[in-house]
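Structural features, examined
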Amino acid sequence: MAAGPRLREFQLIEHVRRLFGHTGPSVILGIGDDAAIITPPPGRHLLLTTDLLVEDVHFSHSTTTYEDIGYKAAVANLSDIAAMGGAPHALAVSIAVPRSMNVADVTRLYRGLMAACRPYGVSLIGGDTSASRQGLFLSVTLTGYVAPGRALRRDGARAGDLVYVTGTLGDSLAGLRLLDTRMRKGLARRDIQYLIARHHRPTPRIQAGQFLVARKLATAAIDLSDGLSGDLAQLCEQSAVGVEIDAAALPLSRAGRAYAVATKTDPIQLALRGGEDYELLFTVPASKRAALDRFRRHAGCRLTPIGVIRPKRFGLTLRTSRGDVLPLRNTSYQHFSSNG
Ligand code: ADP
Ligand code: MG
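Residues numbered from 1 in each chain as written. Chains lettered and ligands numbered in written order. Predicted model: local features only at pLDDT ≥ 70, side-chain atom pairs only at ≥ 80, totals over all residues. Heavy atoms only, no water.

**Some thoughts on the overall build of the protein chain**
Across its full length, the protein chain carries 10 helices and 13 strands. The C-alpha radius of gyration computed for the protein chain amounts to 21 Å, which stays within 12% of the reference 20 Å derived for 340 residues, consistent with globular compactness. Projecting the C-alpha coordinates of the protein chain onto the three principal axes gives extents of approximately 65 × 55 × 35 Å. Of all 340 residues assigned to the protein chain, the portion counted as buried reaches 49%. (Helix = DSSP H or I, 4+ residues; strand = E, 2+ residues; numbered from the N terminus. Rg over C-alpha atoms; globule rule 2.2 N^0.38 Å. Buried < 20%, exposed > 50% of the residue type's maximum accessible area, 1.4 Å probe, protein only.)

Encoded structure:
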């Protein structure tokens, strides 16, 4: 590592441990041994998720600070635990560090990671460290807990269930586009700031996921990391169902709508395509709609019904505001293809 004190791997780990290795009562042994030791809460199932971020594939340091890169990496994992309806618990972080990064940069990365985790009391319990010859690699692993049999899986949706999303859609994609200052014409400063913040610091819907589990309201859930059209297709595939989405119901933020107007983007396409919103998509039996409405304030965010699950033979469809029912195309981001 250049520019700044050249630290050895051991010293870097010690530095990270001192600054960020706070542990909770359920962590018996954190950073520093061959493995961490955890006491799981009695009678809970363990959730485990991991995410790999690669420089210039998932993020670009030219437009994103190390703090924001860390923050978003943590959110990607927190959102996976949210989508299972779990409570996040412990974090392991593996990094391959290019020569262009110094210790202060690594510290910023961890500061962002831990800032996203702080509201949930997540402990940093380990990781691995390497040099990299080509850009930053960041792999984050997060554990969580959920009551047995209650996790929100992708395969539980049934025909007749209502489809909901949390929050608003398309903000992150709009924010990403607005990192290019040439795209900002005709937009108010606070809308630009809002959308970029939604891109760099999305909110994991932990509270909403736990609310759905606690009240037994949802049959299935997935978090929106690639975009509604793609992630919904995943859920439908795994549940062996079709779906009809109501275009007019798709929730956009005020800033997202302003972006669509200013850039002549179709707001429906923005909502269907936009990735990295980290909202939850979930399905609710029609019989539980009243209960969801009654308790929705416990979700901690907006919940919007956007369609209904159909039998598989219906396929994936979009009802337009004029009442036409069209095939719902997958326009979401896909790795190993050219549409990203
Ligand atoms: P090992 O030889 O078993 O991989 P390391 O020297 O890599 O051991 O790690 C020593 C301790 O430091 C372990 O507890 C490990 O989990 C932790 N650790 C290593 N790298 C990181 C990192 N980048 N972030 C957090 N913890 C780390
Ligand atoms: Mg190691």
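**A look at the nonpolar core**
Proteins that are soluble and globular tend to have nonpolar side chains buried together. One finds L91, I95, Y110, L138, F282 and L292 to be the most contacted residues of the largest nonpolar core, which totals 58 residues. Among the elements that take part in this core, helix 2 (residues 66–83) stands out by supplying 11 residues, more than any other. Not counting chain neighbours up to four residues away, the residues in contact with F282 comprise L162, V163, Y164, V165, T166, L212, A218, A220, A221, L292 and L303. With 35 residues, the next largest nonpolar core counts L178, A220, I222 and A271 among its residues. (Core = buried A, V, L, I, M, F, W, Y, C linked by side-chain atoms within 4.5 Å. Contact = heavy atoms within 4.5 Å.)

**Thoughts on unusual backbone geometry**
When glycine is set aside, most residues are seen to have a negative phi, and most peptide bonds are trans. Of note, D56 is a non-glycine position whose phi angle comes to about 70°, a positive value. Residue position: D56 is located in the loop between strand 3 (45–54) and helix 2. Here E276, not a glycine, exhibits a phi torsion of approximately 60°, which is positive. Turning to its location among the elements, E276 is positioned in the loop between helix 9 (267–273) and strand 10 (280–284).

**Some details on the pairing of strand 7 (residues 162–166)**
Counting buried positions along strand 7 yields five of five residues, so the element is predominantly enclosed. Of the two faces of strand 7, the one lined by L162, Y164 and T166 and the one lined by V163 and V165 are each fully buried. By the bridge criterion, four bridges tie strand 7 to strand 10 in an arrangement that is antiparallel. The residue of strand 10 that forms the bridge with Y164 is F282. Relative to strand 11 (residues 303–310), strand 7 runs antiparallel, the two sharing five bridges. Note on strand 11: the bridge partner recorded for L162 is V308. (Pairing = 2+ DSSP bridges.)

**Overview of the packing of aromatic side chains**
Evaluated as defined, the whole model comprises two aromatic pairs. For the pair F20 and Y110, a centre-to-centre distance of 5.8 Å together with 25° between the ring planes defines the contact as stacked. Of this pair, F20 sits in helix 1 (residues 9–20) while Y110 sits in helix 3 (residues 103–117), placing them 90 residues apart in sequence. For the residue pair F20 and Y110, the accessibility class agrees, reading buried in each case. Above the ring of F295, the side-chain terminus of R215 is found at 3.8 Å from the ring centroid. Residue placement shows R310 over the ring face of F314; its charged tip is 5.5 Å from the ring centre. (Phe/Tyr/Trp six-rings, centres within 6.5 Å; stacked < 30°, edge-to-face > 60°. Lys NZ or Arg CZ within 6 Å of the ring centre and 35° of its normal.)

**Quick notes on the domain arrangement of the protein chain**
When the parts of a complex come together, some accessible area is lost, and that lost area is often taken as the interface size. Once the domains are mapped, the protein chain shows domain 1 (9–146) and domain 2 (162–327). Computed over C-alpha atoms only, the centres of domain 1 and domain 2 are separated by 27 Å. Of the residues lining the interface, 19 residues belong to domain 1; the matching set on domain 2 comes to 17 residues. With both chains or domains summed, domain 1 and domain 2 bury close to 1,700 Å², and 59% of this area falls on carbon and sulfur atoms. There are two salt bridges connecting domain 1 and domain 2. Note that E276 is salt-bridged to K72, the shortest N-O span being 3.0 Å. If you look at where domain 1 meets domain 2, you find five residue pairs in polar contact (both at pLDDT 80 or more). Residue assignment for the side of domain 1 that touches domain 2 shows that the elements contributing at least two residues are helix 2 and strand 4 (87–98). (Domains from an automatic or database assignment. Buried area = accessible area lost by both parts, 1.4 Å probe. Salt bridge = Lys/Arg side-chain N within 4 Å of Asp/Glu carboxyl O. Polar contact = N/O pair within 3.5 Å; in protein donor to acceptor, adjacent residues only side chain to side chain.)

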